[in-house]
Amino acid sequence: MLEQIEFTTKNICEKTNNFKPHVGIILGTGLGGLVNEIAVEYTIPYNEIPNFPVSTVQGHSGKLIFGELGGKKVMAMQGRFHFYEGYNMQQITFPVRVMKALGVKTLVVSNASGGMNPKFEVGEIMIINDHINLFPTNPLIGKNIDELGPRFVDMGEAYKKSYVALGKKIAEENGIRVSEGVYAGLSGPCFETPAEYRYVWRIGADVVGMSTVPEVIVARHSGMDCFGISIVTDLGVEGVVQEVTHEEVQHIARMQEPKMTLIVKEFVKRL
Ligand code: HPA
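Computed from a predicted structure; not experimentally measured.

Caption draft 1: View of the pairing of strand β5 (residues 106-115). For β5, a buried count of ten out of ten residues is recorded, marking the element as mostly surrounded by other parts of the structure. A two-sided burial pattern is seen for β5, the buried positions comprising T106, V108, S110, A112 and G114 on one face and L107, V109, N111, S113 and G115 on the other. Of the strand pairs in this sheet, strand β1 (residues 23-27) and β5 are connected by four bridges, and their pairing is parallel. Across the sheet, G24 pairs through a bridge with L107, a residue of β5. As paired strands, β5 and strand β9 (residues 225-235) are joined by ten bridges and run parallel to one another. Within β9, the residue paired with A112 across the bridge is I231. Summarising the sheet, β5 and strand β8 (residues 207-209) pair through two bridges and their orientation is antiparallel. The partner of G115 across the bridge, within β8, is V207.

In structure tokens, the structure reads:
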């Protein structure tokens, strides 16, 4: 894997005139519009990046974007890779390894989720303060590559506390309602049964989704700090579990996109 990371990083450096990003952003559902705020310098489609998987899911195009946001050099993934698409954990998290190799210190991730916390509403913006890994595996399984990080990774502050505080402060200053809470990541692609929503709520999660956890694990392994933000696009609250569709998830996420964009843009600026 080391050679692959090196090869891909070198290839990207050649295509971007050695652009050195400080912040890496994974533009999940609801944050796609953030690209319009980036002063783009370079764009590379995933299919032109050696060793990068190609994104398949509807609503996610695949490009790496390099530019400036809020006075910071950033690289953004427009489109991410999901476990349910059939990629393995190493493929899903490979871009995070490359981010690290390019010099990224802070990883920003966004996603859509289903909310179990009865205080939440559809469209709720939740700053992720912790996660529960319910994927059937972990991206760090296998021989540890000591050059990339330690065998056993401390996950006590998977989402940096000062980042959570900063995100909440920015929201408050701008009159945006946000909550904070725990994200449970599981494989999908099914949405949860009522019993599964009940289960994830009882074990301590506020929302549930199908991404983010693998990337954050690898980011922590490689020593990056993480900020995560989630849009609750549907509710899995006991007694009010509604029907969920991909279209509805996209629709709600798009409605909340301006607020998510503002928070992340301002967050990057104040880092
Ligand atoms: N479950 C899992 N993933 C999701 C959901 C959900 O209810 N909503 C958006 N992504």
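Caption draft 2: Layout of helix α6 (residues 246-270). Between its terminal C-alpha atoms α6 stretches 33 Å, which fits the 36 Å expected from 25 residues at 1.5 Å a residue. All buried positions along α6 are accounted for by V249, Q250, I252, A253, Q256, E257, M260, T261, I263, V264, F267 and V268.

Caption draft 3: Main features of empty space enclosed by the protein. Here the structure, examined in full by the defined rule, presents one cavity of 30 Å³ or more. Computed from the structure, the largest cavity encloses a volume of approximately 30 Å³. In terms of lining residues, the largest cavity is bounded by F81, H82, F83, I92, F135, M210, S211, T212, P214 and E215. Of the residues that constitute the lining of the largest cavity, the class distribution is six nonpolar, three polar and one charged.

Caption draft 4: Here's a closer look at the site of the ligand. Surrounding the ligand, one finds A112, S113, G114, F191, E192, Y197, V208, G209, M210, T233, D234 and V249. Within the backbone of A112, a nitrogen or oxygen atom sits 3.5 Å from a nitrogen atom of the ligand. Within the side chain of E192, one N or O atom sits 2.5 Å away from a nitrogen atom of the ligand. Applying the majority rule of atoms within 2 Å of the grid points places the ligand in the largest pocket. When residues of the shell around the ligand are assigned to their parent elements, the largest contribution, three residues, is made by β5. Classifying every residue of the shell around the ligand gives six nonpolar, four polar and two charged.

Caption draft 5: Looking closely at unusual backbone geometry. Looking along the chain, the bond that leaves G188 and enters P189 is cis, with omega of 0°. Along the chain, P189 turns up in the loop between β7 (178-185) and α4 (194-202). Residue T212 is not a glycine yet carries a positive backbone phi of 70°. Within the fold, T212 resides in the loop between β8 and α5 (213-221). Judged by relative accessible area, T212 falls into the buried class, the value being 0%.

Caption draft 6: View of the nonpolar core. Grouped together as the largest cluster of nonpolar side chains are 45 residues, with contacts concentrated most on I12, F52, L64, F66, M99 and L107. Mapped onto this core, the elements with two or more residues apiece are α1 (2-15), β3 (63-69), β4 (72-78), α2 (89-102), β5, β6 (125-133), α5 and β9. Broken down by element, this core gets its largest block of residues, seven residues, from α2. Leaving out residues up to four positions away in the same chain, L64 has contacts with I12, Y42, T43, I44, Y46, I49, F52, M75, A76 and M77.

Caption draft 7: A look at the pattern of salt bridges. Evaluation of the coordinates by the stated rule reveals eleven salt bridges. Of the charged contacts, one joins E124 and R177 as a salt bridge, the two residues approaching to 2.7 Å between their closest N and O atoms. Placement of E124 in the loop between β5 and β6 and of R177 in the loop between α3 (161-173) and β7 is noted, with a sequence separation of 53 residues between them. Residue classification places E124 among the buried positions, given a relative accessible area of 3%. Via salt bridges that share partners, K169, E173, E266 and R270 belong to a single interconnected network.

How each quantity is defined
- Along each chain, residues carry numbers from 1 onward, in the same order as the chain's sequence is written.
- Local features in a predicted model are, by the rule used here, given only for residues with pLDDT of at least 70; side-chain atom pairs are given and counted only at 80 or more, and totals for whole chains, interfaces and linings are based on all residues.
- In computing side-chain properties, one takes all heavy atoms of the structure into account and sets aside hydrogens as well as water.
- Exposure categories follow from relative accessible area, calculated using a 1.4 Å probe and restricted to protein chains: below 20% of the type maximum is buried, above 50% is exposed, and the middle band is partly exposed.
- Helix and strand labels come from DSSP, where a helix needs a run of H or I of at least four residues and a strand needs a run of E of at least two; each type is numbered from the N terminus.
- In short, DSSP must find at least two bridges between two strands for them to pair.
- For a helix, the expected span equals 1.5 Å multiplied by the number of residues minus one.
- Here a cavity denotes a set of grid points, spaced 1 Å apart and computed over the protein atoms alone, in which a 1.4 Å probe fits but from which it cannot get out, and a pocket denotes an open set meeting protein on both sides within 12 Å along at least five of seven lines; residues with an atom within 4 Å of a point are reported as lining.
- Grid points are joined across faces, edges and corners, and a volume is the space filled by probe spheres set on the points.
- By the convention adopted, Pro, Cys, Tyr, Trp, Phe, Met, Ile, Leu, Val and Ala count as nonpolar, Lys, Arg, Asp and Glu as charged, and the other residues, Gly among them, as polar.
- Residue proximity to a molecule or strand is established when one non-hydrogen atom of the residue lies within 4 Å of it.
- Under this definition, polar contacts are N or O atom pairs within 3.5 Å; protein pairs additionally need one hydrogen-donor-capable and one acceptor-capable atom, and for neighbouring residues in sequence, both atoms have to be side-chain atoms.
- Occupancy of a cavity or pocket is assigned to a molecule whenever over half of its atoms lie within 2 Å of that pocket's grid points.
- Working definition of a nonpolar core: buried Ala, Val, Leu, Ile, Met, Phe, Trp, Tyr and Cys residues. They are joined through side-chain atoms within 4.5 Å.
- When checking whether two residues touch, look at their non-hydrogen atoms; a contact exists if any pair is within 4.5 Å.
- One speaks of a salt bridge when a side-chain nitrogen belonging to Lys or Arg is within 4 Å of a carboxyl oxygen belonging to Asp or Glu.

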